[in-house]
Amino acid sequence: ETSAKEGLLLWCQRKTAPYRNVNVQNFHISWKDGLALCALIHRHRPDLIDYSKLRKDDPIGNLNTAFEVAEKYLDIPKMLDAEDIVNTPKPDEKAIMTYVSCFYHAFAGAEQAETAANRICKVLAVNQENEKLMEEYEKLASELLEWIRRTIPWLENRVAEQTMRAMQQKLEDFRDYRRVHKPPRVQEKCQLEINFNTLQTKLRLSNRPAFMPSEGKMVSDIANAWKGLEQVEKGYEEWLLTEIRRLERLDHLAEKFKQKCALHETWTRGKEELLSQKDYESASLMEIRALMRKHEAFESDLAAHQDRVEQIAAIAQELNELDYHDAATVNSRCQGICDQWDNLGTLTQKRRDALERVEKLWETIDQLYLEFAKRAAPFNNWMDGAMEDLQDMFIVHSIEEIQSLITAHEQFKATLPEADKERMATMGIHSEILKIAQTYGIKLSGINPYTNLSSQDISNKWEAVKQLVPLRDQMLQEELARQQANERLRRQFAAQANVIGPWIQTKMEEIGHISVEMAGSLEEQMNQLKQYEQNIINYKSNIDKLEGDHQLIQEALIFDNKHTNYTMEHIRVGWEQLLTTIARTINEVENQILTRDAKGISQEQLNEFRASFNHFDRVRKRRVGEGGRTGPPSTTSTGSPQKRNGMMDPDDFRACLISMGYDLGEVEFARIMTLVDPNNTGVVTFQAFIDFMTRETAETDTAEQVMASFKILASDKSYITVEELRRELPPEQAEYCISRMTKYVGTDAQPGALDYISFSSALYGESDL
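On a predicted model such as this, the values are computed, not experimentally measured, just so you know. (Residues numbered from 1 in each chain as written. Predicted model: local features only at pLDDT ≥ 70, side-chain atom pairs only at ≥ 80, totals over all residues. Heavy atoms only, no water.)

*Asks:* Even after reading the chapter, I still don't get helix α10 (residues 306–321), so can you show me in this structure?
*Replies:* Every α-helical turn comprises 3.6 residues, leaving residues that sit three or four positions apart pointing alike. In this model α10 runs 23 Å from its N-terminal to its C-terminal C-alpha over 16 residues, within 8% of the 22 Å that 1.5 Å per residue would give. Within the span of α10, buried status applies to Arg 308, Val 309, Ile 312, Ile 315, Ala 316 and Leu 319. In an axial view of α10, the angular spread of the buried residues amounts to 125°, which keeps them on one side of the axis. Backbone geometry just downstream of α10 places Asp 323 in the positive-phi region, at approximately 60°. (Helix = DSSP H or I, 4+ residues; strand = E, 2+ residues; numbered from the N terminus. Expected span 1.5 Å × (residues − 1). Buried < 20%, exposed > 50% of the residue type's maximum accessible area, 1.4 Å probe, protein only. Arc of directions from axis to C-beta.)

*Asks:* Could you clarify how one ought to interpret the packing of helix α6 (residues 164–205) against helix α17 (residues 540–555) in this entry?
*Replies:* Pairs of packed helices are described in terms of their axes, by the angle between the two and the distance that separates them. Where α6 contacts α17, the axes come no closer than 12 Å and their chain directions differ by 170°. In terms of orientation, α6 lies roughly antiparallel with respect to α17. Counted together, Leu 171, Glu 172, Arg 175 and Arg 179 of α6 and Gln 551, Gln 554 and Glu 555 of α17 form the full contact between these two elements. Here the residues of the contact of α6 with α17 are counted per class, giving one nonpolar, two polar and four charged. (Axes fitted to C-alpha atoms, helices over the stretch in contact; angles between N-to-C directions. Parallel < 35°, antiparallel > 145°, perpendicular 65-115°, else oblique. Contact = heavy atoms within 4.5 Å. Nonpolar A, V, L, I, M, F, W, Y, C, P; charged D, E, K, R; others polar.)

*Asks:* What is the right way to look at the confidence of the model for the protein chain in this model?
*Replies:* Interpretation of the predicted coordinates at a detailed level should be avoided for regions scoring low in pLDDT. On average, the protein chain scores 82 in pLDDT, and the residues at 70 or more come to 90%. Confidence drops under pLDDT 50 across residues 361–365; counting only partners more than four residues distant or on other chains, this segment forms 18 contacts. Within the model, the stretch residues 621–642 combines pLDDT values under 50 with 26 contacts to residues more than four positions away or in other chains. (pLDDT = per-residue confidence, 0-100.)

*Asks:* How do you make sense of the side chain of Arg 490 when you look at a structure like this?
*Replies:* Tracing the backbone shows Arg 490 in helix α15 (residues 455–517). In contact with Arg 490, not counting residues within four places along its chain, are His 397, Ile 553, Ile 558, Asp 560, Asn 561 and His 563.

*Asks:* Whenever I open this one, the packing of helix α7 (residues 219–268) against α10 confuses me. Can you help?
*Replies:* Viewed as axis vectors pointing N to C, α7 and α10 meet at an angle of 150°, and their least axial separation amounts to 10 Å. Classified by the angle between their axes, α7 and α10 sit roughly antiparallel to one another. As α7 packs across α10, the resulting crossing turns out to be left-handed. Here α7 contributes Arg 249, Leu 250, Leu 253, Ala 254, Lys 256, Phe 257, Lys 260, Cys 261, Leu 263 and His 264 to the contact with α10, which in turn contributes Arg 308, Val 309, Gln 311, Ile 312, Ile 315, Ala 316, Glu 318 and Leu 319. For the contact of α7 with α10, the class distribution of residues is 11 nonpolar, two polar and five charged. (Left-handed = near helix turned anticlockwise from the far one by under 90°.)

*Asks:* Explanation requested: the pattern of salt bridges in the structure shown.
*Replies:* Proximity of charged atoms lets side chains of opposite charge pair with each other. Considering all chains together, one arrives at 49 salt bridges under this definition. With its nearest N and O atoms 2.8 Å apart, the salt bridge here joins Asp 384 to Lys 461. Of the two residues, Asp 384 is situated in helix α12 (residues 367–390) and Lys 461 in helix α15; the sequence distance between them amounts to 77 residues. The partner of Lys 466 in a salt bridge is Glu 463, with the nearest N and O atoms 3.3 Å apart. Taken together, the residues span about one helical turn, with Lys 466 and Glu 463 both in helix α15 at a distance of three residues. (Salt bridge = Lys/Arg side-chain N within 4 Å of Asp/Glu carboxyl O.)

*Asks:* Would you mind showing me how to read the nonpolar core here?
*Replies:* Soluble globular proteins tend to bury their nonpolar side chains together. The biggest cluster of nonpolar side chains holds 47 residues, and the ones touching the most others in it are Ile 504, Ile 536, Trp 575, Phe 653, Leu 657, Val 676 and Phe 689. Every element with two or more residues in this core is listed here: α15, α16 (522–538), α17, α18 (568–599), α19 (603–616), α20 (650–659), α21 (666–676) and α22 (686–697). Every residue in contact with Val 676, bar those within four places of it in the chain, is listed here: Phe 653, Val 684, Ala 688 and Phe 692. Core analysis: the second largest hydrophobic core is formed by 43 residues, Leu 203, Leu 253, Ala 316 and Ile 337 among them. (Core = buried A, V, L, I, M, F, W, Y, C linked by side-chain atoms within 4.5 Å.)

*Asks:* What is the right way to look at the environment of Thr 151 in this model?
*Replies:* Along the chain, Thr 151 turns up in helix α5 (residues 93–156). Given the relative accessible area of 8%, Thr 151 is considered buried. Linking Thr 151 and Val 232, residues 81 residues apart in sequence, is a C-alpha distance of 9.7 Å. Other than its neighbours up to four places away in sequence, Thr 151 contacts Tyr 177 and Leu 229. Polar contacts involving the side chain of Thr 151 include one to the main-chain carbonyl oxygen of Trp 147, which spans 2.6 Å. (Polar contact = N/O pair within 3.5 Å; in protein donor to acceptor, adjacent residues only side chain to side chain.)

Structure (structure tokens):
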């Protein structure tokens, strides 16, 4: 009885503590003013009494208010008299205690219901938070997949532009995509994986079923889509560079075609009219002979130009094969030249036939004129060819190629003395003609009947050739300087890439070791990883500088680099993998912190788990001649394992469990292996080991606990009503239950009854909500 009295007094003190003018110390004097009784009623049923209007100087009114409300609304009979209590110096303690105990029994059920409601709210809050995370994952995954879906057709578009400027703009657009549009998506992809892992951890910690994203939105689906994007992206860049090379080649060929056509058309201008003349019909014998010799010289000249016509046709064919955008104009011009060339050949043959018919009428003409014409024409053709070569456009991509052109040019310059001798010999013939004419008093007309070339023409063209030589020297030297600058760009890029590439690989390996070998609390490990992540992020400036050098290389149209095996694509992929790996490692520690905090696992327990794992995490080596069996772990001279690989094989895992006090039979160990290695990979990771140990050591809420809580709110019924849910739970949680609970179908069902048992099972994955 004494214990019950103290318990009841403590209950009263706790319930009335917030109320002014109430100080319950006993079961007699403390109740005389009636405020304590009114406070008890108001605390549990504030709708029955307006406590703010009560006065301490009206004890009888207060007591009668409490007695009347208790009798009318709480089924507590009026056992006491207000005047007796007020007028008695020390009211009857047992009477008051008996009356107050009726309030205790009346309100105890409400307290039990409050406790049950709190538990349900906690469980529902976990579910609501998890559903929000699921919706966020679905939204982010949909947006990322949609972006990939929109981007891939753009990268798959292989419709080439017709001009170099347009293709270079495409390349610049692709660079903007790489620099501006893709990096945020890389971060989204990494964040998506982290959110997915965190959500799965929270579901596991709250005994909820694992989250299965919508079809096509699994992490693996996103990874496959991302892989497809990068494959298309790589092919698009290669295609762009190939097309730019092709257009560069086309522009070069088109300009060369125009130059050769212009030279040929200049040479052929007036030739058809000349060949169509019938001047031989009224010519003298000497003039006819002169026309014959002149025609022979023309045929020699015509044959010398055959090579240029063939070159023009070959260039036109190559432009067609390379799909030159203005191929119609090229073909039209080439066809005109070929048709004209055929016509020249026909006219030449016709004129020869006509001259041969009157050959008997010809006289021998001055051999010196003829010799001059025969020597001048080839020499003039040679000079035409030399001028063409000296003005020839070229395109090179290496120092070796430009050196080859310089060597060829030096070889050409070495032939100039011999050519000058030929020029002097030809000019000597002309001098002899003048000397003979002067000696024999021959009156010259001033025109060589066999050729239109004069000594002045030869001299002028020779001077033009000599002037083009130093210009060609300058052009080749400028190109040599450009190729040397390109080589410096290659070496500059290679010097950085050969440092950055191994650095990234080293950091990847270090992260692998850090994730296994870190010591200290999880917070200390987190700080260490964050600092390591910041050091990696600080290295980003080196990647950016390499990107700048890579852009300079592309703008210089450099397509190869023999000084390094690393391309910018290698560096980009490695860098993205490095950022993703450190982020995942940090997320693993975050999940361990979540596990520790949610499951009540101490830091000492986690340290013990890690120490046990590290002890049995070792790389095994093969014994010679044992057919694939695994030998003992490789050790150093001190007996410790040489290296770790972040996982245990089944034998080491069994030994680890035994070391922690588990007495395992084969059946039990097989069951545990299905938990820690559900995919049957043959190894146990640290995260799987931690998850197993936390499940073994931490308390969890269960579906049965939630069912019991709902049963309390439902007053032991097998169903619960909408009114009860709205009365006992906060509005948000109440509506959550109402919208998801199914109709109760038992024989004892009332209208509107809801099935809280199937709902509780569904919360823990035992059926579908």
